[in-house]
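# A structural walkthrough
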Amino acid sequence: MPSIYLDHAATTPMVEEALIAMTAQLARLGNPSSLHTHGRATRKTLEDAREVIAKEVGCLPSEVIFTASGTEANNTALKGLYWQGRDNGRHVVVISAIEHHAIVDPAHWLQEHEGAEVIAIPVNTDGVIELEFLKELVAARGNEIAVISVMHANNETGVIQPVRAVVEIAGDIPVHTDAVQSFKKTPLSFNELGVYAMSLSAHKIGGPLGIGALILRRTIEIPALLHGGGQEREIRSGTLNAPSIVGFAAAAHSKYYDAKQVAALRDSFIAGLVTHIPDATINGLASDRLPGIVNVTFPGTQSDTLLLLMDGQKVSCSTGSACSAGVHEASHVLLAMGHTHVTAQSSLRFSFGATSTYADCDYAVSVLPDVITRGRAANLS
Ligand code: PLP
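Residues numbered from 1 in each chain as written. Predicted model: local features only at pLDDT ≥ 70, side-chain atom pairs only at ≥ 80, totals over all residues. Heavy atoms only, no water.

### Description of the site of the ligand
Neighbouring the ligand are 13 residues, the closest being Gly 70, Thr 71, Asp 178, Ser 201 and Lys 204. Between an oxygen atom of the ligand and a side-chain N or O atom of Thr 71, the distance comes to 2.6 Å. In the environment of the ligand, a nitrogen atom lies 2.6 Å from a nitrogen or oxygen atom belonging to the side chain of Asp 178. The residue inventory of the shell around the ligand, partitioned by class, reads two nonpolar, nine polar and two charged. (Near = heavy atom within 4 Å. Polar contact = N/O pair within 3.5 Å; in protein donor to acceptor, adjacent residues only side chain to side chain. Nonpolar A, V, L, I, M, F, W, Y, C, P; charged D, E, K, R; others polar.)

Below you can see the structure in the form of C-alpha cells.
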C-alpha cells in the first residue's frame, strides 16, 4: 500500500538545496555576534542569507528580522504594532475573521490583557474579506485603529486576500500580512504590497522547521517580545540560528515548485473527486486561490473520522482546523464563510507540494468513495 502525503500546507519536505546548505553550516563554528574571525565568518554567511531572502521577497536586507517561526513573526508584529499605536492613543486591533490562530490568539490576548478592542473583518461565502466593511470602519474609526492584520492567503482554503486594496483603504494605519502560506506559491512582493510588516515561515517552502522571518519596514521600530543581546534591530534578541537561516535562504532561492503544474494537479484531483463523490463541495472554489490547497465538504460526515479513515488507507490529509485537547473544533474559517457547525465539521483539507504526483492524487481519489461511505455510516451510528 502506498504512503501518500497530502498535507503540504502543514509542512513540506525540505528541498535538496536547503538540506545541503544547512548540513554544511551545522559543521561550522562561530557565534555571529563574536568579533573574531569565526564569528565574522558566520555573520557574513548570515548577511548573505538575509540578502537572498530580501531579494526573493522584495524588501531591503535590513528589513528582514529572523524569528523562530511564523507564529513568532505574527506575535511580534501584531503586539509590537499595537503597543506602538497605543502609545499614540489608538487601541483598536483589526483582523480578518479567517486569520490563523497565530494572529487570532494574540489579538484576543491583547484584548484580555492590554486594553485592545478587536474587530474582525467578515468574509463572503467565497472566503474573501469584505472590503466595504473595512472602508466604513476606517472612515468611522480610523484614528482609533493601531493595526490591521489581513493574511495574504488562507491556510485552510488557499483563498488569496486583496491585501493591496487593504493597504489603500488603511492610508497611514500600519498593515501587517501573514504571508506564511503564500511565499513561493503566488507572486509576493513586500514593496509592491506596501504593508508595514509581513510574516514568513521556512518550513512551508522546503526549508527547515523552526525558522521564520518578520519583514518590517526599515523606518518602523516596535517593542521587542524578547530582550537580551540586542540582535535583529533589538526587536528579536537571541543568537541567530545560522544553520536554519542558511537552509531558509536556500529554500527561498530554490524554485520550490511550479505553480502552474501544482494547480493542474490540484484541478485533476478536484475533477476526480467530484466525479466519485458528486455531493462534495469545494470551499472557496470561485476565488483566486493558491495552487496547492483544496478544502472539501463531504455532507453527512465528521472530519476527524474521515481523517483517520484516510490515514488507514495511508493518505495523510488534514481537517484544516485546530484540535483542542484532542477534540476537533469547527473551523472558524468555514464558519465565517457561512458554514454551519455541522458542515464545517464535515470538511477535509488536501494540500499539494513540490513532491506531489498525479499517482498520489489518483490513489487518494480511488480510496475516497469507500472512506466517505464508511464515514457516513459511522456518523449515523
Ligand atoms: N500563519 C499561517 C497562515 C500558517 O499556515 C502557519 C502554519 O501553519 C503559521 C502562521 C504558523 O507558522 P509556524 O508553523 O512557522 O509557526
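Past the structure itself, the notes keep going.
### Digging into the packing of helix H10 (residues 303-312) against helix H13 (residues 358-380)
Closest axis-to-axis distance for the H10/H13 pair is 9 Å, and the angle between their directions is 135°. Judged by the inter-axis angle, H10 sits oblique to H13. Here H10 and H13 pass one another in a crossing that is right-handed. Residues Thr 305, Leu 306, Leu 309 and Met 310 of H10 pack against Ala 364, Val 367, Leu 368, Val 371, Ile 372, Arg 374, Gly 375 and Ala 378 of H13. A per-class count over the contact of H10 with H13 returns nine nonpolar, two polar and one charged. (Axes fitted to C-alpha atoms, helices over the stretch in contact; angles between N-to-C directions. Helix = DSSP H or I, 4+ residues; strand = E, 2+ residues; numbered from the N terminus. Parallel < 35°, antiparallel > 145°, perpendicular 65-115°, else oblique. Left-handed = near helix turned anticlockwise from the far one by under 90°. Contact = heavy atoms within 4.5 Å.)

### Thoughts on helix H8 (residues 242-253)
Between its first and last C-alpha atoms H8 spans 16 Å; for twelve residues at 1.5 Å apiece the expected length is 16 Å, and the two agree. Most of H8 sits inside the fold, with eleven of its twelve residues counted as buried. Looking at H8, one finds that the buried residues are Ala 242, Pro 243, Ser 244, Ile 245, Val 246, Gly 247, Phe 248, Ala 249, Ala 250, Ala 251 and Ala 252. Where H8 is buried, its residues meet helix H1 (16-26), helix H2 (37-57), strand S2 (64-67), strand S7 (197-201) and strand S8 (212-216). (Expected span 1.5 Å × (residues − 1). Buried < 20%, exposed > 50% of the residue type's maximum accessible area, 1.4 Å probe, protein only.)

### Quick notes on the nonpolar core
Of all hydrophobic cores here, the largest spans 90 residues; its most connected members are Ile 148, Met 198, Phe 248, Phe 298 and Phe 350. Shared between two domains, this core holds at least three residues of each, these being domain 1 (4-12 + 257-380) and domain 2 (16-253). If sequence neighbours within four positions are ignored, Met 198 has contacts with Val 57, His 176, Thr 177, Ala 179, Leu 188, Phe 190, Leu 193, Ala 213, Leu 214 and Ile 215. The next biggest cluster of nonpolar side chains, apart from the first, holds 24 residues, and it includes Leu 81, Val 93, Val 118 and Tyr 196. (Core = buried A, V, L, I, M, F, W, Y, C linked by side-chain atoms within 4.5 Å. Domains from an automatic or database assignment.)

### Comments concerning the side chain of Gln 25
Residue position: Gln 25 is located in helix H1. Among the polar contacts made by the side chain of Gln 25, one reaches the side chain of Arg 28 at a distance of 2.7 Å.

### Section: the domain arrangement of the chain
Split into domains, the chain comes out as domain 1 (4-12 + 257-380) and domain 2 (16-253). Here domain 1 and domain 2 have C-alpha centroids that lie 28 Å from each other. At the junction of the two partners, domain 1 supplies 26 residues and domain 2 supplies 29 residues. Buried area between domain 1 and domain 2, summed over both chains or domains, comes out near 2100 Å², and the portion from carbon and sulfur atoms is 54%. When the buried surface of domain 1 facing domain 2 is broken down by residue, Leu 290, His 332 and Met 337 rank first, second and third, together holding 28% of it. (Buried area = accessible area lost by both parts, 1.4 Å probe.)

### Concerning the sheet that holds S7
The pairing of strands in a sheet happens through backbone hydrogen bonds and is either parallel or antiparallel. One open sheet holds the seven strands; their spatial order is S2-S8-S7-S6-S5-S3-S4, and the pairing between them is mixed. Strand pairing shows two members of the sheet lacking a second neighbour, S2 and strand S4 (117-121), which therefore form its edges. The mean inter-strand angle of the sheet, taken between neighbouring strand axes irrespective of direction, is 20°. Across the sheet, helix H4 (residues 101-113) lies against strand S3 (92-96), S4, strand S5 (145-149) and strand S6 (175-178), angled at about 160° from S3, the strand it touches most. (Pairing = 2+ DSSP bridges.)

### Some words on empty space enclosed by the protein
Enumeration over the complete set of coordinates arrives at one cavity of 30 Å³ or more. Approximately 70 Å³ is the volume attributed to the largest cavity. Each of two domains, domain 1 (4-12 + 257-380) and domain 2 (16-253), supplies a minimum of three residues to the lining of the largest cavity. (1 Å grid on protein atoms, 1.4 Å probe; cavity = no way out; pocket = protein on both sides within 12 Å on 5 of 7 lines; lining within 4 Å. Points joined across faces, edges and corners; volume = space filled by probe spheres on them.)

### Thoughts on the environment of Thr 186
Note on placement: Thr 186 falls in the loop between S6 and helix H7 (190-193). C-alpha separation for the pair Thr 186 and Asp 258, spaced 72 residues apart in sequence, amounts to 10.0 Å. Setting aside its immediate chain neighbours within four residues, Thr 186 contacts His 152, Ile 160 and Leu 290.

### Here's the deal with the pairing of S4
In terms of strand pairing, S3 meets S4 through five bridges, oriented parallel. Counterpart to Ile 95 in the pairing with S4 is Ala 120. Considered for its hand, the β-α-β crossover made up of S3, H4 and S4 is right-handed. (Right-handed = clockwise from strand over helix to strand, strands pointing away.)

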